[in-house]
Amino acid sequence: MAYSDKVLDHYNNPRNVGSLDKADPTVGTGMVGAPECGDVMKLQVKVNPSTGIIEEAKFKTFGCGSAIASSSLATEWLRGKTVDEALAIKNTDIVNELSLPPVKIHCSVLAEDAIKAAIDDYKKKSGN
Amino acid sequence: MKFPIYMDYHATTPVDPRVFEAMKPYFTELFGNPASRNHSFGWAAEDAVEKGRKQIASLIGANSKEIVFTSGATESNNLAIKGVAQMYAERGNHIITAATEHKATLDTCKHLEKEGFRVTYLAVQANGLIDLNQLREAITDKTILISIMYANNEIGVVQPIAEIGKLAKERGVLFHTDAVQAAGKIPVNVIADNIDLLSISGHKIYGPKGVGALYVRRKGPRVQLTAQIDGGGHERGMRSGTLNVPGIVGLGEACAIAQAEMAEESKRMAYLRDKLKDRLLGALDECYINGTMESRLPNNLNISFAFVEGESLLMGINDIAVSSGSACTSATLEPSYVLKALGAGDDLAHSSIRFGIGRFNTEEEVDYVAGKVIDVVQKLRELSPLYEMHKEGIDLTKVQWTAH
C-alpha cells in the first residue's frame, strides 16, 4: 500500500515528539489504544491557565505510519488553539489532511480520542 | 548493492538463471504434449517430464513413479488431504493437523469439517514445535491422516518429522507433510522419515511459479487418493490436465541444483542468518526470537522488536523487502495466527519481522539490513510510549488499556 506524501513526511519528520511532566497541573495527558491492537497513542497538552490556549503539545505513538502521522499532525494543530477549539478537531479533518485510506481511518479516530482524553485530563486537573 | 534488497525468500524466490535456461526450449521448439504418444514432439516432452520427475524424487528419496505434478503446493495439500479423506472415508473420519499450518492445509481441513470430517488442530509449544505426546493421545481408531508441515513458513521451525512418521506408521495412520519450505533447504527423506505424502512447490526453491508436486507413496503402504480434478486421467488418474512441461523442467532443475548445493548453501545461509541475528540482538534490547533456534531452517529469522509496531518498522526499512506478522491493514487488525499460537502476546506478534535469507543475498546486504533495522527500531522506540513506560519500570501487562 502506498502512503501519501504527508503521511511519509510526518513519519520521517515527526513533529513534537516527547513527553511533558504528567504531574504539572497545567498539563493534560491522554493515552488511548492498546498494545494488542497494534496502536497506543500518548498525547499531552500544556495549557496557559489564564488564556486557555494550548502552548505546547507532545506525542508518542506505538502504531503504524498512519497512526504516527495522525498524532504528529494533531500536535501541530493543537498548538495555539484554545481548549474548546481543540475539542472541535474531528477525525475526518485528519483523514482529509493526510489522505488516509479507509483501512487507516481508525488511526484518525484514535488521534481524535487522544485529543479529547488529554483535554479531559487537563479539565479535571484544573477543576473546570 | 542493488535496492530494494530482497530478504523475503519464504514468500517466493527468483528463478535461478540455470533453471530458466533449462526451461527455455520447452516454451518454443520443444513444445510437445507429453500425452502425445505417437510422435517425436510428444516423446521429447515426455522425456523432459520424466527427467524432472526423477530429479524431484531424488531430492526427497522417493521413486519417480511416486511423483504427481500439480499447479503448486496449495493444490498438492488439497489433493493430499481431501484425496485421502474421501478415499479412506469408510475407514475413519478423523484428521490431525496443527494450529500453525499454512492456510492451504487449515482451510482444506475446515472444508472437510463442513463435510462431516472431524479435525484435531494440535496446539504448539512456545518453541513452535508440536508435542508428540499430544499427537499420540489425539490418534483414535477413526484417525486416517496426520498432516503436519515439515518447516514453518513464518518462523522456520522444523517439526520432529521422523518421530511423527514413526508414530503414524505404528498406528496405521497416513502421514502427509507440507515440505514447501524444507525441501531443497534441509535433507528430506520420505523413506527414512516414513512420510506417505509430501507437498513441494517450485517457486520456493528457485523454480517457477505455478508448478508443484505431491509425493504419493506406492509401497508400504500403497497410498490411494480420490482425484480432485477429473479429465484425461493424467498422473495415474490422480491429477488430470495437460502437464506444465516448462514448469516441470524448471522444478526438476531447481531440485537438482538444490540437492547438489545444499550442504554448502545451508552453511552459508546459517552464517548470514546468525550474523544478522547476532548484530540485531547485540545492538537492541527487548528483542525476542519467535520459535526455537534448535530446530530451524538455516535461512529463517523471525524477531519481535518489543514496543515497535511491525508495519511502521517496515515503513522505515522500505528499501528492504521483508514481512511483518502485524496486519494493521486488515479490517480485523489480527496479527499472525502462527505467532499467537506460540503464546506470544498480540503486542509481540504486532512487533515481528520475518527475515528470509536466500541464495542471492550477499554478506554486504545482510550488514546493511542489520544496520538499517537497528537505526529504525531505535528511532521508533524514541517515539514509542510503550518503550518509555517500560524504561520507567511500568509493567505494561498491568495497565488498563482503552481497547478500540
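Conventions we followed
- Residues numbered from 1 in each chain as written.
- Chains lettered and ligands numbered in written order.
- Predicted model: local features only at pLDDT ≥ 70, side-chain atom pairs only at ≥ 80, totals over all residues.
- Helix = DSSP H or I, 4+ residues; strand = E, 2+ residues; numbered from the N terminus.
- Rg over C-alpha atoms; globule rule 2.2 N^0.38 Å.
- Buried ≥ 20, exposed ≤ 12 C-beta atoms within 10 Å, placed from the backbone.
- Contact = placed C-beta atoms within 7 Å.
- Pairing = 2+ DSSP bridges.
- Nonpolar A, V, L, I, M, F, W, Y, C, P; charged D, E, K, R; others polar.
- Axes fitted to C-alpha atoms, helices over the stretch in contact; angles between N-to-C directions.
- Parallel < 35°, antiparallel > 145°, perpendicular 65-115°, else oblique.
- Left-handed = near helix turned anticlockwise from the far one by under 90°.
- Arc of directions from axis to C-beta.
- Domains from an automatic or database assignment.

K.L.:
Could you clarify how one ought to interpret the overall build of chain A in this entry?
P.N.:
Helix and strand counts for chain A come out as 5 helices and 3 strands. Overall, chain A shows an N-to-C arrangement of helices and strands of α-β-β-β-α-α-α-α. For 128 residues, the compact-globule estimate of 2.2 N^0.38 gives 14 Å, and the C-alpha radius of gyration of chain A, at 14 Å, lies within 12% of that figure. Its C-alpha atoms give chain A principal-axis dimensions of about 45 × 30 × 20 Å. Classification of the 128 residues of chain A by burial places 48% in the buried group. In chain A, 65% of the contacts between residues at least 6 apart in sequence involve partners at least 24 apart.

K.L.:
Any chance you could explain the overall build of chain B here in plain terms?
P.N.:
When its secondary structure is counted, chain B shows 12 helices and 13 strands. In summary, chain B has a C-alpha radius of gyration of 22 Å against a globular reference of 22 Å for 404 residues, a match within 12%. For chain B, the C-alpha atoms occupy an extent of roughly 75 × 50 × 35 Å along the three principal directions. Split into buried and exposed, the 404 residues of chain B put 52% on the buried side. Taking contacts inside chain B between residues at least 6 apart in sequence as the whole, the part at least 24 apart equals 73%.

K.L.:
I tried to follow the sheet that holds strand β10 (residues 300-305) of chain B on my own but got confused; where do I start?
P.N.:
Within a beta sheet, neighbouring strands are joined by backbone hydrogen bonds and run either parallel or antiparallel to one another. The strand order across the open sheet built from 4 strands is β9-β10-β13-β12 (chain B), with neighbouring strands paired in antiparallel fashion. Each edge of the open sheet carries a strand with a single partner, namely β9 (287-289) and β12 (323-324) of chain B.

K.L.:
Quick question: what am I supposed to make of the interface of chain B and chain A here?
P.N.:
One frequent convention defines the size of an interface as the accessible area lost when the parts assemble. Contacts between chain B and chain A engage 25 residues on the former and 26 residues on the latter. Elements that contribute at least two residues to the side of chain B that touches chain A include exactly α8 (310-316), α10 (346-350) and α12 (385-391) of chain B. Residue classes in the side of chain B that touches chain A are distributed as 11 nonpolar, 8 polar and 6 charged.

K.L.:
In this structure, what is going on with the packing of helix α7 (residues 245-283) of chain B against helix α11 (residues 363-382) of chain B? I would like to understand it.
P.N.:
Each pair of packed helices can be summarised by the angle the axes make with each other and by the distance between the axes. Residues and elements named next belong to chain B. Close contact between α7 and α11 brings their axes to 10 Å; oriented N to C, the two are set at 20°. One finds that α7 runs roughly parallel with respect to α11. As α7 packs across α11, the resulting crossing turns out to be right-handed. On α11, the residues that touch Leu272, Lys275, Leu276, Arg279, Leu280 and Ala283 of α7 are Glu363, Val366, Val369, Ala370, Val373 and Ile374. When grouped by side-chain class, the residues that make up the contact of α7 with α11 number 9 nonpolar, no polar and 3 charged.

K.L.:
Would you mind showing me how to read helix α4 (residues 91-98) of chain A here?
P.N.:
Owing to its 3.6 residues per turn, the α-helix aligns residues three or four sequence positions apart on the same side. For α4 of chain A, the complete set of buried residues consists of Asn91, Ile94, Val95 and Leu98 of chain A. Down the axis of α4 of chain A, the sector holding all buried residues measures 100°, keeping them to one side.

K.L.:
Help me understand the packing of α4 of chain A against helix α5 (residues 105-126) of chain A in this model?
P.N.:
Residue and element names in this part refer to chain A. Direction vectors running N to C along α4 and α5 enclose 130°, while the axes themselves pass 8 Å from each other. For the element pair α4 / α5, the angle class is oblique. Considering the relative orientation of α4 and α5, their crossing is right-handed. From α4, Asn91, Ile94 and Val95 reach across to α5, where they touch Ile105, Ser108, Val109, Ala111 and Glu112. Class assignment for the residues of the contact of α4 with α5 results in 5 nonpolar, 2 polar and 1 charged.

K.L.:
Looking at this structure, I do not really get the sheet that holds strand β3 (residues 53-62) of chain A. What am I missing?
P.N.:
All names here are of chain A. Strands sit in the order β1-β2-β3 across an open sheet of 3 strands; the sheet is antiparallel. Only two strands of the sheet have a single partner each, and these edge strands are β1 (27-34) and β3. Each strand of the sheet is rotated relative to its neighbour by a mean of 15°, with strand direction disregarded. Strand direction decides the pairing type here: β1 and strand β2 (residues 39-48), joined by 8 bridges, are antiparallel. Within β2, the position partnered with Ala34 by the bridge is Asp39.

K.L.:
Can you walk me through the domain arrangement of chain B in this structure?
P.N.:
All names here are of chain B. The domain architecture assigned to chain B consists of domain 1 (17-258) and domain 2 (262-393). Put simply, the middle of domain 1 and the middle of domain 2, counted by C-alpha atoms, are 30 Å apart. Counting residues at the interface gives 21 residues for domain 1 and 20 residues for domain 2. Class assignment for the residues of the side of domain 1 that touches domain 2 results in 13 nonpolar, 6 polar and 2 charged.

K.L.:
Honestly, the pairing of β10 of chain B in this entry has me stumped. Any pointers?
P.N.:
Regular strands show a simple pattern: their side chains alternate between the two faces of the sheet. Residues and elements named next belong to chain B. With 6 of 6 residues buried, β10 lies mostly within the body of the structure. Because side chains alternate across β10, one face comprises the buried residues Asn300, Asn302 and Ser304, and the other comprises Leu301, Ile303 and Phe305, equally buried. In this structure, β9 lies alongside β10, joined through 3 bridges in antiparallel fashion. Each residue of the ladder has a partner; that of Ile289, found in β10, is Ile303.

K.L.:
Whenever I open this one, the pairing of strand β7 (residues 197-201) of chain B confuses me. Can you help?
P.N.:
All names here are of chain B. Of all the 5 residues making up β7, 5 are buried; the element is thus mostly covered by neighbouring parts of the structure. On β7, burial covers both faces: Leu197, Ser199 and Ser201 on one face and Leu198 and Ile200 on the other are all buried. By the bridge criterion, 3 bridges tie strand β6 (residues 174-178) to β7 in an arrangement that is parallel. Opposite His176, over in β7, you have Leu197 as the bridge partner. Note: β7 against strand β8 (residues 212-216), 5 bridges, orientation antiparallel. By the bridge assignment, Leu198 is partnered in β8 with Tyr215.

K.L.:
So what exactly am I meant to see when it comes to unusual backbone geometry here?
P.N.:
Negative phi is the rule for most residues except glycine; trans is the rule for most peptide bonds. Residues and elements named next belong to chain B. Here the residue pair Phe3 and Pro4 is connected by a cis peptide bond, since its omega of -10° sits within 30 degrees of zero. In this fold, Pro4 is placed in the segment before β1 (5-6). Of note, the bond from Gly220 into Pro221 is cis; its omega dihedral lies within 30 degrees of zero at 0°. By secondary structure assignment, the location of Pro221 is in the loop between β8 and α7. A positive phi angle, near 55°, is found at Glu235, a position not held by glycine. By secondary structure assignment, the location of Glu235 is in the loop between β8 and α7. Of note in this structure, Phe307 is not a glycine but carries a positive phi near 75°.

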